[in-house]
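Residue-level structure breakdown
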Amino acid sequence: MGISVIGLNKRYGPVTAIGGVSFDIADGEFVSLLGPSGCGKTTTLRCIAGLEDATGGRISIGGRLVSAPEEGLLVPAHERQIGMVFQSYAVWPHMTVQQNVAFPLSVRGVPTAAATAQVMEALTTVGLGHLAERHPSQLSGGQQQRVALARAIVGKPSVLLFDEPLSNLDAKLREGMRGEIHRLQRRLGIAAVYVTHDREEALSMSDRVIVMEQGRIVQMGTPRDLYRRPNSRFVADFVGKVGLFPLRREAGGWSSEDGTRVVVGDGVAAGTTAIGAVRPENIRLYRRGETGPEANMLAGVVADAQYLGPFTEYVVDVAGASLRAFAQMDLSPGAEVTLGIDPDNLVLLPATEAHA
Ligand code: ATP
């Protein structure tokens, strides 16, 4: 059941905000829409919610078709069985916590006794049972966001939609709330769509991540897939720090710009040029002259070093590029080094971005 989106389109006059987006989300699955500002993730979420009217395509929620504008079908938001949490908590200041959470039930005409029980259940679920009589101004930002969460779940929705719900919280609280939202969604066992531009949030919370760019999906997969096997420079860069260096195909294999033979892992590249992509934690640094078990050994020179506590982040000039490497050894700029890279950690990417 969950959510099914097929060929979703949304135009604002001449602007195409979403150009044909398709994905399925199973019951109990937590999926993030990740991408830079303006890529269309919020518009996609709002079309699912019914807060924007899609221009084309089909959306089903819990097996029920709710949006098919070409067939004249656009079910209003309040009939879509969704719970939604916004970035601005969107709680009403003049109402108590209890009244805020009860609001969606009163709109639906749920009798008072039943509503009171449901509200208390939702407040208890988010740990706010004891603050039911307070007003939002008497709550912290994190508590207000929990009120919004309780309001989203009080009507027993069949899907939960989140629009950057943690962006207004400080870093420490954000991490705590990530865990809470995740546990809550697991407990409810319903589909969740979570819009964010924060890669850590997306990677840490999601079963799958959908990366969007310019109104299209550029890759979807598990957090591990996306991080380890990006299919483009855009995705590689968006989901984490990455070093990119040019490769060219020569008789029998790939070589770096300085002519070193390079053994790559997965990836696809047509033609005679490509980009090698490697994460900083997957580069092993050796002092020049030392060697290790990695199949790729590239000569480089340390250009910059930043001590960060658990490790030092080095920028190393190598074969026509600058690569970042995390290492615990103490090296100064100018040091000559060798970079050991296992082929399994070196992804081949197309030299030009197909979708750019
Ligand atoms: P952000 O993280 O900044 O919210 P986003 O990825 O969620 O970005 P959207 O808000 O979905 O992006 O916007 C997608 C595109 O649609 C953008 O180019 C935006 O300018 C455009 N857009 C959104 N709302 C409207 C509107 N009401 N009128 C015209 N264009 C709009």
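Residues numbered from 1 in each chain as written. Predicted model: local features only at pLDDT ≥ 70, side-chain atom pairs only at ≥ 80, totals over all residues. Heavy atoms only, no water.

1. Digging into the packing of helix H2 (residues 97–108) against helix H3 (residues 112–125)
Note the cut-off: Note on geometry: axes are C-alpha line fits, over the in-contact stretch for helices, and angles between N-to-C directions span 0 to 180 degrees. Here a helix means four or more residues in a row that DSSP labels H or I, a strand means two or more in a row labelled E, and each is numbered from the N terminus. An angle counts as roughly parallel when it lies under 35 degrees, as roughly antiparallel when it exceeds 145, as roughly perpendicular when it falls between 65 and 115, and as oblique in every other case. Crossing handedness follows the turn of the near helix against the far one: under a right angle anticlockwise gives a left-handed crossing, and clockwise gives a right-handed one. Contacts are assigned to residue pairs that have any heavy atoms within 4.5 Å of one another. Any residue outside Ala, Val, Leu, Ile, Met, Phe, Trp, Tyr, Cys, Pro, Asp, Glu, Lys and Arg is labelled polar, Gly included; the first ten of those are nonpolar and the last four are charged.
For the pair H2 and H3, the least separation of the axes is 9 Å and the interaxial angle reads 120 degrees. In this view, H2 runs oblique relative to H3, as classed from their interaxial angle. Crossing geometry of H2 relative to H3 is assigned as right-handed. Of the residues in H3, those in contact with Val-97, Gln-98, Val-101, Ala-102 and Leu-105 of H2 are Ala-115, Thr-116, Gln-118, Val-119, Ala-122 and Leu-123. Along the lines of polarity and charge, the residues of the contact of H2 with H3 split into 8 nonpolar, 3 polar and no charged.

2. Description of the side chain of Lys-10
Relative to the helices and strands, Lys-10 resides in strand E1 (residues 3–12). Those residues in contact with Lys-10 that lie beyond four places of it in its chain are Val-15, Thr-16, Ala-17, Ile-18, Thr-43, Cys-47, Glu-52, Asp-53, Ala-54 and Thr-55.

3. Overview of the packing of aromatic side chains
The cut-off we apply is this: Stacked, edge-to-face and tilted labels apply to pairs of Phe, Tyr and Trp rings (six-membered ring for Trp) whose centres lie within 6.5 Å, assigned for plane angles under 30 degrees, over 60, and everything in between, in that order. Burial here depends on accessible area, computed with a 1.4 Å probe over protein chains only, as a share of the maximum for the residue type. Under 20% is buried, over 50% is exposed, and the range in between is partly exposed. A positively charged side chain is recorded as over a ring if its NZ (Lys) or CZ (Arg) lies within 6 Å of the ring centre. The angle to the ring normal must also be within 35 degrees.
Applying the stated criterion to the full structure yields 6 aromatic pairs. With 5.6 Å between their ring centres and 35 degrees between their planes, Phe-30 and Tyr-194 make a pair best called tilted. Of this pair, Phe-30 sits in strand E3 (residues 30–34) while Tyr-194 sits in strand E9 (residues 191–196), and the two are 164 residues apart along the sequence. Here Phe-30 matches Tyr-194 in class, with each residue buried. Seen in terms of ring centroids, Phe-234 and Phe-238 are 5.8 Å apart; in terms of plane orientation they differ by 20 degrees. Their pairing is stacked. Placement of both Phe-234 and Phe-238 in helix H8 (residues 233–238) is noted, with a separation of 4 residues, approximately one turn of the helix. An aromatic cluster of at least three residues, connected via ring pairs, comprises Phe-30, Phe-162 and Tyr-194. One residue, Arg-279, lies across the ring of Tyr-227, its end atom 4.1 Å from the ring centre.

4. Let's talk about the sheet that holds strand E20 (residues 336–341)
Keep this limit in mind: Any two strands with at least two DSSP-identified bridges between them are counted as paired.
In space, the 5 strands of this open sheet follow the order E16-E20-E17-E18-E19, with antiparallel pairing throughout. Each of the sheet's edge strands pairs with one partner strand only, and the pair in question is strand E16 (283–287) and strand E19 (321–327). Direction aside, neighbouring strands of the sheet carry axes that sit 45 degrees apart on average. Here 7 bridges tie strand E17 (residues 296–307) to strand E18 (residues 312–318), and the two strands are oriented antiparallel to one another. Counterpart to Val-302 in the pairing with E18 is Val-316.

5. Quick notes on the domain arrangement of the protein
Cut-off, in case you're wondering: The domain boundaries here were taken from an automatic or database domain assignment.
Taken domain by domain, the protein comprises domain 1 (3–228) and domain 2 (241–350). A straight line from the C-alpha centre of domain 1 to that of domain 2 covers 40 Å.

6. So, a nonpolar patch on the surface
What counts, and what does not: Each patch is built from salt-bridge-free residues with over 30% relative accessible area, joining like charges within 9 Å and nonpolar side chains (Val, Leu, Ile, Met, Phe, Trp, Tyr) within 5 Å. What sets the accessible areas is the Shrake-Rupley method with a 1.4 Å probe; for residues, cover comes only from the shown protein chains. By definition here, a salt bridge exists when the distance from a side-chain nitrogen of Lys or Arg to a carboxyl oxygen of Asp or Glu is within 4 Å.
Taken together, the side chains of Trp-92, Phe-103 and Val-107 define a hydrophobic patch exposed on the protein surface, amounting to about 270 Å² of accessible area. Relative to the helices and strands, Phe-103 resides in helix H2.

7. Some points on the pattern of salt bridges
All told, the structure shown has 14 salt bridges when counted by the stated rule. For Glu-29, the salt bridge goes to Arg-208, with nearest N and O atoms at 2.6 Å. With Glu-29 in the loop between strand E2 (15–25) and E3 and Arg-208 in strand E10 (residues 208–213), this pair connects stretches of sequence that are 179 residues apart. Taking relative accessible area as the criterion, Glu-29 reaches 13% and is therefore assigned buried. The closest approach of N and O atoms between Arg-186 and Asp-207, which form a salt bridge, is 2.8 Å. Within this pair, whereas Arg-186 is found in helix H5 (residues 171–188), its partner Asp-207 is found in the loop between helix H6 (199–205) and E10, the two being separated by 21 residues in sequence. A single salt-bridge network, built from bridges that share partners, covers Arg-228, Arg-229 and Asp-344.

8. Section: the site of the ligand
Selection rule: Residue proximity to a molecule or strand is established when one non-hydrogen atom of the residue lies within 4 Å of it. Polar contacts, as used here, are pairs of N or O atoms within 3.5 Å; protein pairs need one atom able to donate a hydrogen and one able to accept it. Residues neighboring in sequence count only if both atoms are side-chain atoms.
For the ligand, the full set of nearby residues is Tyr-12, Ala-17, Pro-36, Ser-37, Gly-38, Cys-39, Gly-40, Lys-41, Thr-42, Thr-43 and Glu-164. Between the ligand and Thr-43 there is a distance of 2.5 Å, counted from an oxygen atom to a side-chain nitrogen or oxygen. Protein burial of the ligand: of its 630 Å² of free accessible surface, 58% is covered by the chains. Of all the elements, helix H1 (residues 41–49) adds the most residues to the shell around the ligand, at 3 residues. Across the shell around the ligand, the residue classes break down as 4 nonpolar, 5 polar and 2 charged.

9. Concerning H1
Taken across its 9 residues, H1 has 7 buried, putting it largely inside the fold. For H1, the set of buried residues is Lys-41, Thr-43, Thr-44, Leu-45, Cys-47, Ile-48 and Ala-49. Two residues or fewer after H1 comes Gly-50, characterised by a positive phi angle close to 90 degrees.

10. Describing the environment of Leu-188
Along the chain, Leu-188 turns up in helix H5. Sequence separation of Leu-188 and His-78 is 110 residues, and the distance between their C-alpha atoms is 20 Å.

11. Some points on the sheet that holds strand E4 (residues 56–61)
The strand order E2-E1-E4-E5-E6 describes an open sheet built from 5 strands, whose pairing is antiparallel. Of all the strands in the sheet, the pair left with one neighbour each is E2 and strand E6 (73–74). As defined by bridge partners, strand E5 (residues 64–68) adjoins E6 across 2 bridges and the pair is classed as antiparallel. Among the inter-strand pairings, Ala-68 is bridged to a residue of E6, identified as Leu-73. Its contacts with the sheet put H1 on E1, E2 and E4, and the angle it makes with E1 is roughly 115 degrees.

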